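# Fold and contact review
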Amino acid sequence: EVLLDAMSDVAKWHLTGATTTSPARGTVLSTSRSHPREGSDACLQMRTSFRGDGTDYVAVSGSVRVPGQVCRALSLWIWSDHSGCPLDVVIEDAGGRWYERRLGILDWDGWRRVVVDVGEGSGWTPLLRDGEIAEPLTHPIALRQIRMLRPSGSALPVVATACFSDLQAAVDASGLGAFT
């Protein structure tokens, strides 16, 4: 596996989503030292409050390119506060097309390593613009967003915190010579 980003510095990332339009709404992205994963002194922390105002998600956004020709899988460590929020990941392929996939539900306490297969794109849903036709996923890819979604059926408000650390990729060896 190749370390893409330790996710210990907020400088490479920013928030997107409706709750980010006003700091008073309670969504914050920060470098945190309060929940570091073993072997790390900091992580990226996202805190938000879903209040029933039409906000569907908040995302940690950036553009982290995966080296090599084919990314077999992405992995990262996630700290969860057991909020029950769904967590999705969004990638961009070589053709500039975006795809999303569910990472899981934040239904645990503490740190957990989460792995999502990429490969040929099985299990990924294309995010299509009006009139766009779905195309197969092509490599290389870039991670664009980690989205925390409002849990359906939960009493509001839902206050949630997630921390992220050690974004990695399992890649085919071809094309890695320029990166090692």
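For the structure itself, look to the data block above.
As the structure is a computational prediction, the values presented were derived from the model and not from experiment.

## Quick notes on the overall build of the protein chain
Looking only at helices and strands, the protein chain features zero helices and 12 strands. The order of helices and strands in the protein chain, counted from the N terminus, is β-β-β-β-β-β-β-β-β-β-β-β. Put simply, the protein chain has 180 residues, and 46% of those count as buried. For the protein chain, restricting intrachain contacts to residue pairs at least 6 apart in sequence, the fraction spanning at least 24 positions comes to 75%. Accessible surface for the protein chain amounts to roughly 8,800 Å². Of this, 49% is attributable to carbon and sulfur atoms.

## Some remarks on the pattern of salt bridges
Counted by the stated rule, this structure contains 10 salt bridges. A salt bridge links Arg113 to Glu1; the nearest nitrogen and oxygen atoms lie 2.8 Å apart. Here Arg113 is found in strand E9 (residues 109-117), whereas its partner Glu1 is found in the segment before strand E1 (2-5), with 112 residues between them in sequence. Judged by relative accessible area, which is 55%, Glu1 ranks as exposed.

## As for the environment of Gly121
Mapped onto the fold, Gly121 is located in the loop between E9 and strand E10 (125-127). As a C-alpha pair, Gly121 and Pro136 span 15 residues in sequence and 7.2 Å in three-dimensional space.

Definitions and cut-offs
- Residues numbered from 1 in each chain as written.
- Predicted model: local features only at pLDDT ≥ 70, side-chain atom pairs only at ≥ 80, totals over all residues.
- Heavy atoms only, no water.
- Helix = DSSP H or I, 4+ residues; strand = E, 2+ residues; numbered from the N terminus.
- Buried < 20%, exposed > 50% of the residue type's maximum accessible area, 1.4 Å probe, protein only.
- Contact = heavy atoms within 4.5 Å.
- Areas by Shrake-Rupley, 256 points an atom, 1.4 Å probe, with all protein chains shown as cover.
- Salt bridge = Lys/Arg side-chain N within 4 Å of Asp/Glu carboxyl O.

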